[in-house]
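# Geometric and topological summary
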Amino acid sequence: MPAPALGPLELAALLAVARLGDDAYGLAVRRDLAARTGRDYSVGAVYTTLQRLEDKGLLRSRASEPLPVRGGRSRRYFALTGAGAQALDAARRHAAAVWAGVGPI
């Protein structure tokens, strides 16, 4: 089965989750995306993208215990699935194939 097609934000979010490892929760992913892309994505755009990636089977999520402060909320942590790692590998190979043979511009 071919890897699902990924949009630019989906690919960037998958890479952010891979980079962040065990610390990949929504706000951390949003900060990573902003730092690497120079764009300030809305919270809704980031969570919608993460949910879409989970629906595609590329991510899985879990809720943490509530934060130890009054009114503390739980965080939703994300992790790559095997299919997510394969999708990243396929995206890397695709980009390398497209760029193959192009010298300095």
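As a starting point, this report considers the structure included with it. What you see is a predicted model, and the numbers here were worked out from it, not measured in a lab.

Before going further, it helps to spend a moment on the overall build of the chain. Tallying secondary structure elements over the chain gives four helices and two strands in all. Across its three principal axes, the chain shows a C-alpha extent of roughly 60 × 35 × 20 Å. Across the 105 residues in the chain, those meeting the buried criterion constitute 27%. As displayed, the chain offers around 7000 Å² of accessible surface, 56% of which is attributable to carbon and sulfur atoms. With 15 positive and 9 negative side-chain charges, the chain shows a separation of 3 Å between the mean positions of the two kinds.

Turning to the environment of L33, a few remarks are in order. Position of L33 among the secondary structure elements: in helix α2 (residues 26-37). The spacing of L33 and A12 is 21 residues in sequence and 6.9 Å in space, taken between C-alpha atoms. Every residue in contact with L33, bar those within four places of it in the chain, is listed here: L9, A12, A13, A16, G38, R39, Y41 and V46.

Take the nonpolar core next. Ranked by size, the top nonpolar core spans 18 residues in total, and within it V17, V29, L33, L50 and L59 carry the most contacts. When residues of this core are traced back to their parent elements, those giving at least two are α1 (8-20), α2, α3 (43-55) and α4 (82-99).

Throughout the structure, instances matching the rule amount to one aromatic pair. Judged by centre distance (5.6 Å) and plane angle (65°), the rings of Y25 and Y77 are edge-to-face. Pair noted here: Y25 is in the loop between α1 and α2 and Y77 is in strand β2 (residues 76-80), with a separation of 52 residues, a long-range link. For Y77, a relative accessible area of 15% puts it in the buried group.

Another point: the pattern of salt bridges. With the rule as written, the count across this model stands at seven salt bridges. The partner of K56 in a salt bridge is E10, and the shortest N-O contact between them spans 3.2 Å. Residue K56 is located in the loop between α3 and β1 (59-63), and its partner E10 is located in helix α1; the two are separated by 46 residues in the primary sequence. For K56, a relative accessible area of 33% translates into the label partly exposed.

As a further point, take the packing of α1 against α2. Running from N to C, α1 and α2 cross one another at 115°; their axes reach a closest spacing of 9 Å. The orientation of α1 with respect to α2, classified from their angle, is roughly perpendicular. You can see that α1 and α2 cross each other, and the crossing is right-handed. Within the contact between the two elements, α1 uses L9, A12, A13, A16, V17, R19 and L20 and α2 uses A28, V29, D32, L33 and R36.

The next subject is the side chain of D32. With respect to the helices, strands and loops of the structure, D32 is situated in helix α2. Residue classification places D32 among the buried residues on the basis of a relative accessible area of 11%. If near-sequence neighbours (up to four positions away) are discounted, D32 is found in contact with A16, R19 and L20.

Rules behind the numbers
Residues numbered from 1 in each chain as written. Predicted model: local features only at pLDDT ≥ 70, side-chain atom pairs only at ≥ 80, totals over all residues. Heavy atoms only, no water. Helix = DSSP H or I, 4+ residues; strand = E, 2+ residues; numbered from the N terminus. Buried < 20%, exposed > 50% of the residue type's maximum accessible area, 1.4 Å probe, protein only. Areas by Shrake-Rupley, 256 points an atom, 1.4 Å probe, with all protein chains shown as cover. Lys, Arg positive; Asp, Glu negative; His and termini not counted. Charge placed at Lys NZ, Arg CZ, Asp CG, Glu CD. Contact = heavy atoms within 4.5 Å. Core = buried A, V, L, I, M, F, W, Y, C linked by side-chain atoms within 4.5 Å. Phe/Tyr/Trp six-rings, centres within 6.5 Å; stacked < 30°, edge-to-face > 60°. Salt bridge = Lys/Arg side-chain N within 4 Å of Asp/Glu carboxyl O. Axes fitted to C-alpha atoms, helices over the stretch in contact; angles between N-to-C directions. Parallel < 35°, antiparallel > 145°, perpendicular 65-115°, else oblique. Left-handed = near helix turned anticlockwise from the far one by under 90°.

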